[in-house]
Each structure stands twice: as C-alpha cells, then as structure tokens.
Amino acid sequence: MDIVEITGLTHRYPDGHPSLAGIDLTIARGSFVILAGANGAGKSTLLKHLNGLLLPDKGEVRIGGVPVRKDPLHARRTVGMVFQDADSQIVGETVWDDAAFGPENLNWTAERIQDSVEAALATVGLGDLRDRSPHLLSGGEKRRLAIAGVLAMRPDVIVLDEPFANLDYEGVRQVLTHIVTLHADGVTIIVCVHDLEKVLAHAQRLIILQQGRIAADGAPEEVVRKAEAFGVRMPAACRLGGKVESWLR
Amino acid sequence: MAAVAFGYHHAATWLHGLDVRVKLAAMVLLSMASLRAGGAAIVLAISVALLLLRHVRQPVARWLVSLRWYAVLLAGIVLVRALTTPGEPLFGMSRWPLSGPGMEEGLLLAGRLLFVTLFGLLLAATTRPSQIRSAVEWYLRPVPFVPHRQAATMIGLLVRFIPVILTQATEQGEALRARAIDNRRNPLRRTVFLCMPLLRRTFVTADRLALAMEARCYGSQRSTGHPWRMTVRDWSALAGAGGLCLTMLAIG
Ligand SMILES: Nc1ncnc2c1ncn2[C@@H]1O[C@H](COP(=O)(O)OP(=O)(O)OP(=O)(O)O)[C@@H](O)[C@H]1O
Ligand SMILES: [Mg+2]
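Predicted model only: the values in this text are computed from it and were never measured.

Caption draft 1: Spotlight on the overall build of chain A. Regarding its fold elements, chain A presents eight helices and 10 strands. Whereas a compact globule of 249 residues would reach a radius of gyration of roughly 18 Å, chain A reaches 18 Å, a difference of no more than 12%. Dimensions of chain A, computed from C-alpha atoms along their principal axes, come out at roughly 50 × 45 × 35 Å. The buried share among the 249 residues of chain A stands at 55%. Here the contacts in chain A between residues at least 6 apart in sequence split such that 65% fall between residues at least 24 apart. As displayed, chain A offers around 10500 Å² of accessible surface, 48% of which is attributable to carbon and sulfur atoms. Within chain A, one finds 27 positive and 32 negative side-chain charges whose respective centroids are separated by 6 Å.

Caption draft 2: Representation of the nonpolar core within the structure. In terms of nonpolar packing, the biggest core is built from 55 residues, with A:Leu121, A:Ile189, A:Leu196, A:Leu206 and A:Ile208 touching the most fellow members. When residues of this core are traced back to their parent elements, those giving at least two are β3 (32-37), α3 (95-105), α4 (110-123), α5 (139-151), β7 (157-161), α6 (169-184), β8 (188-193) and β9 (205-210) of chain A. Counting residues per element, this core draws most heavily on α5(A), which supplies six residues. Leave out the neighbours within four places in its chain, and A:Ile208 touches A:Ala36, A:Arg213, A:Ile214, A:Ala215, A:Ala216, A:Val223, A:Ala227, A:Phe230 and A:Val232. Membership of the second largest hydrophobic core comes to 32 residues, among which are B:Leu15, B:Ala45, B:Trp63 and B:Val136.

Caption draft 3: Structural context of the site of ligand 1. Residues and elements named next belong to chain A. In the vicinity of ligand 1, 14 residues are found, and the nearest of them are Asn39, Gly40, Lys43, Ser44 and Thr45. Ser44 has a polar side-chain atom sitting 2.7 Å from an oxygen atom of ligand 1. Counting residues per element, the shell around ligand 1 draws most heavily on helix α1 (residues 43-50), which supplies three residues. Its residues assigned to classes, the shell around ligand 1 shows three nonpolar, nine polar and two charged.

Caption draft 4: Fine view of the coordination of the magnesium ion (ligand 2). Residue and element names in this part refer to chain A. Within the protein, the magnesium ion (ligand 2) binds to Ser44 (OG) and Gln84 (OE1); these donor distances fall in the range 1.9 to 2.6 Å. Placement of Ser44 in helix α1 and of Gln84 in the loop between β6 (79-82) and α3 is noted, with a sequence separation of 40 residues between them. Overall, Gln84 belongs to the partly exposed group, its relative accessible area being 40%.

Caption draft 5: How the structure looks around the side chain of B:Ser34. Considering the arrangement of structural elements, one finds B:Ser34 in helix α2 (residues 20-36). The buried category is assigned to B:Ser34, whose relative accessible area is 1%.

Caption draft 6: The sheet that holds β8(A), seen in detail. All names here are of chain A. Taken in spatial order, the six strands make up an open sheet running β6-β7-β8-β3-β9-β10, and their pairing is mixed. Edge positions in the open sheet fall to β6 and β10 (213-218), since each of these has one partner strand only. Recorded for the sheet is a direction-independent mean angle of 20° between the axes of neighbouring strands. As defined by bridge partners, β6 adjoins β7 across four bridges and the pair is classed as parallel. Within β7, the position partnered with Met81 by the bridge is Val159.

Caption draft 7: Here's a closer look at the pattern of salt bridges. Residues and elements named next belong to chain A. Applying the stated criterion across every chain yields a total of 13 salt bridges over all chains. For Arg130, the salt bridge identified is with Glu118, shortest N-O distance 2.9 Å. Here Arg130 is found in the loop between α4 and α5, whereas its partner Glu118 is found in helix α4, with 12 residues between them in sequence. Taken together, the shared-partner salt bridges connect Glu5, Glu60 and Arg62 into one network.

Thresholds applied
Residues numbered from 1 in each chain as written. Chains lettered and ligands numbered in written order. Predicted model: local features only at pLDDT ≥ 70, side-chain atom pairs only at ≥ 80, totals over all residues. Heavy atoms only, no water. Helix = DSSP H or I, 4+ residues; strand = E, 2+ residues; numbered from the N terminus. Rg over C-alpha atoms; globule rule 2.2 N^0.38 Å. Buried < 20%, exposed > 50% of the residue type's maximum accessible area, 1.4 Å probe, protein only. Contact = heavy atoms within 4.5 Å. Areas by Shrake-Rupley, 256 points an atom, 1.4 Å probe, with all protein chains shown as cover. Lys, Arg positive; Asp, Glu negative; His and termini not counted. Charge placed at Lys NZ, Arg CZ, Asp CG, Glu CD. Core = buried A, V, L, I, M, F, W, Y, C linked by side-chain atoms within 4.5 Å. Near = heavy atom within 4 Å. Polar contact = N/O pair within 3.5 Å; in protein donor to acceptor, adjacent residues only side chain to side chain. Nonpolar A, V, L, I, M, F, W, Y, C, P; charged D, E, K, R; others polar. Donors = N, O, S within 2.8 Å, 3.2 Å for Na, K, Ca; no water. Pairing = 2+ DSSP bridges. Axes fitted to C-alpha atoms, helices over the stretch in contact; angles between N-to-C directions. Salt bridge = Lys/Arg side-chain N within 4 Å of Asp/Glu carboxyl O.

Here it is, written out as structure tokens:
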C-alpha cells in the first residue's frame, strides 16, 4: 500500500522560478527513503508538497489515498515534518510547551497531550530538559526537540529536511538512532540530504533529484554509482567498490 | 544573550504557584495605585517588591547590573525635573538651581517607574509566557468582538520573538564589526547597514515560523489551556494585593 502518491507534479514559485517539473513518485508505507540532490535541486520544495504547505500548479499529491489539496489537515496529521532550520520552528517557551504545540492544535484532551508529549520527549532523550527555554539548547538538542514536536502528533510518515546539518559526530549518531528506531516501529521515513554517507546504510531506496526532476530512483547500492553525475558526492567506500558502513556501529 | 536575563526562571516558590490571573490583576491594581501614591507609599511598595524578589530567589545581582542603564534614565528624570520645576533652590546659590519641589517630584516619578518595573520583572520571572497568554485569553473572553484565542497567541508570539530579534541584532552587529563597520564615519549609513538586514531577517524568520506552525496544524480549534482553579492561597494573595493598594492610597 503506497502512503504517498505523486503524479505529474509541477510547481513554480510565485516569482516565476520553476522548482519542480513533472514528478511521478510513489512511496510504500513503512519504507525508508533518501531524497538526495544538489543545492537548489528542489528537495525542500518537494517535501513541502507532502503536507500541503505548497500546492501543485499541475498534477496531484495524495497522502493515504486522500488528495492533499482537498484535505490539507489530513495530510499534516499524517505527515510530520522536521524543517531544515531547527531554530525557526521553535514555537513554545519551554521544551515541554514546544513539544505540546502540535497536539494542542489537534485539539486533543489534556491527558492525551500529556502522555504523548512525555513519550515523545523520552524517546529523544529530552525528558530532563522539559522546563528549559528551547532557545538555549544546543544545535543537536534543538534538532531532537523538533523531532519530538513531530513525534508527539503520532504521524505515520516523518519527513526530515537535512537532519544532520550542523551536528557533530555524536549529534549525528543520536539523531540517526532515533530515525532508525522510528523506522523499526513502522513509521515511514523520508530523509532529504546532499551527503549520502550518514544514512545510506539504513535506507531501502535512494531517489536523486536534479533541477526539479527525478534523475535516478532505485536500490541505494545501484543508484549510488550514478550519484556523481547528478551533483551528489559518492561516499568514499562506494568508490572503492565496498559498502557504506552504518554510522551507528 | 542579555535578553534572557529577564525571562522566566523556573523554581518551586509560592509566587510561581500562584494563579496567573491573580498576578496579572495585582500587577494592574498596584500600578494604578502607584500613580496616586505619595512618597511614603512608594517606599512601602518598593520594599514589598524587594522582599518578594528575595523570596523567589531570583538572580537579583544580575538584574541590577542589567538595569544600570535604566538607573541612568531614572537619574536623568530626577535631574530634569529638579532643573525645570520652579521653586526654592536646594543649595544656596549655584548656576544650576536644583529646586526642592522639583527634586521631590522627580524622585516620586522615578520611584513609581522603578516600582512598576520591579513588579513587571517579578511577574515575568515567576510566570511562564504561556500562562500569561492563557490568563490574557481568560480576561479577554467576555469582551465581545475580540477573537480572544488569536489575540492571546499573538501576544505569546510577540513575547517569543523579542529575545530572538535581540539576539539576531547582536549577531548582526558583531558580523558587521568583524568587517570593520566602525570605520564608517556616517552614523546614518551604519544604522542602515544594521537595520535593513535585520528587518529582512526578521521577516524571513517570521515567515518560516508561520510555515512551521502550519505544518503542525495550527488553527483556531486548539485544546484549551490548563483548567483554572482558585485556591485559598490565590484568594488571600488577591486580598493581600488589594490591601496593599488601599494602604498605599491611605498613607498617601
Ligand atoms: N520562496 C522561494 N521563492 C522563489 N524561489 C525559490 C523559493 N524557495 C526556493 N526557491 C528556488 O527553488 C529551487 C528549489 O529550491 P529548494 O529549496 O527546494 O532546493 P533544495 O534542494 O532544498 O536545496 P538545498 O539543498 O540548498 O536546501 C531553487 O532554485 C531555489 O532558488
Ligand atoms: Mg532544502
């Protein structure tokens, strides 16, 4: 069963800049997909179509069978999004408030919010920082808070835009651990990166975007061989004919 | 991050646990009373504020350092009043006659401002902005034609944005100084270089924030905040604040 179905998606920004041109794509429920591409390839733009933050000029995006244009709220409940810039998605005054923002918007009861937020903060290891101001967190902690804010809404799909930007080795490992655990729990994961090294070992599918089009799509081991032609660096291990090792080892 | 010195500091004190509506009401009542209060009443009120500050274990020393420019402003007010108000000069004959009544008036005015500031800081330090927001929402609810939910969220976002903008201004200033902006003589050009990028950045940040809020399903149908419950402690605090107001008015 495909949870994401995109047909003939074309998009242009209001200033006339073309960003996506004829994207056809389906993503199976429970899969772990990497979306790669050079700067400006259209990765973030494509992700914003998955929860109706942007609407297609042409074509259609359906989430769980429901067109996003018809029911954006359904899409937003199903697809949780962690943005490229962790700072600008902080809404709450404390860590706990921030994680509770989404559930409050969904009009859940106080107990349900409490349970869900506690669980989400515990999952990303921020339970002890619940009363801190989010602005004073480190970069890695902010990213984890952003993930918790999405987790608390219990989405079926989690979309992460450049989740490893600005993180140190330990930070990358922590965020990666959470992503892998979520995938094991049945959440569909879509990760958008321009450096394949960190996630390739865990993915089941690799899609490369170039200038708003899908340039390559398939099993990671195969697609990665063509990566350099589309402006994405091939991990050193692959160049030497081997396999990329997991960063969690 | 100078802006953070005055924010909410979590601690388990009596004032932290007080119903926010009571705190807001006390703040408004006392501010109004201080407008009519005389010297003795202001001294009393400032002492109460300082006692409360000690009680909630705030970093008072750090506050005082951060408030030094405010103190300069208050001193300026006293001085201007003393110089411009006609009346008996304080010190025999001098080129700058500091008038007695002017001095008194200036001190009174500065005292009122100081009291209101201290009380505002006290409120901010012991209350989460989200609680202030819910309290404002509660007070706005009976007012017709005001979308209280949206109004409260706007206040909350404004409070959230102030430290962000201040931090960005500091960063921007540092980046400009690293590229030798100080060599520019024209202060107007310098200000433009600082303000234009800052404004643009603020708008971009606001835009991103709006998008992130939308992605998390922000709308008018939100879970209501925590349930309101007035305890004996809250009522007695309210009575205490009212009593202080009356005392201030009585002793003049
Ligand atoms: N708000 C906007 N208005 C106009 N053009 C835009 C806007 N946002 C992005 N673009 C353009 O659309 C194209 C795709 O941008 P997008 O942000 O999707 O790229 P990306 O693949 O996420 O790149 P990066 O790796 O740098 O994040 C780029 O050429 C960009 O210049
Ligand atoms: Mg991007």
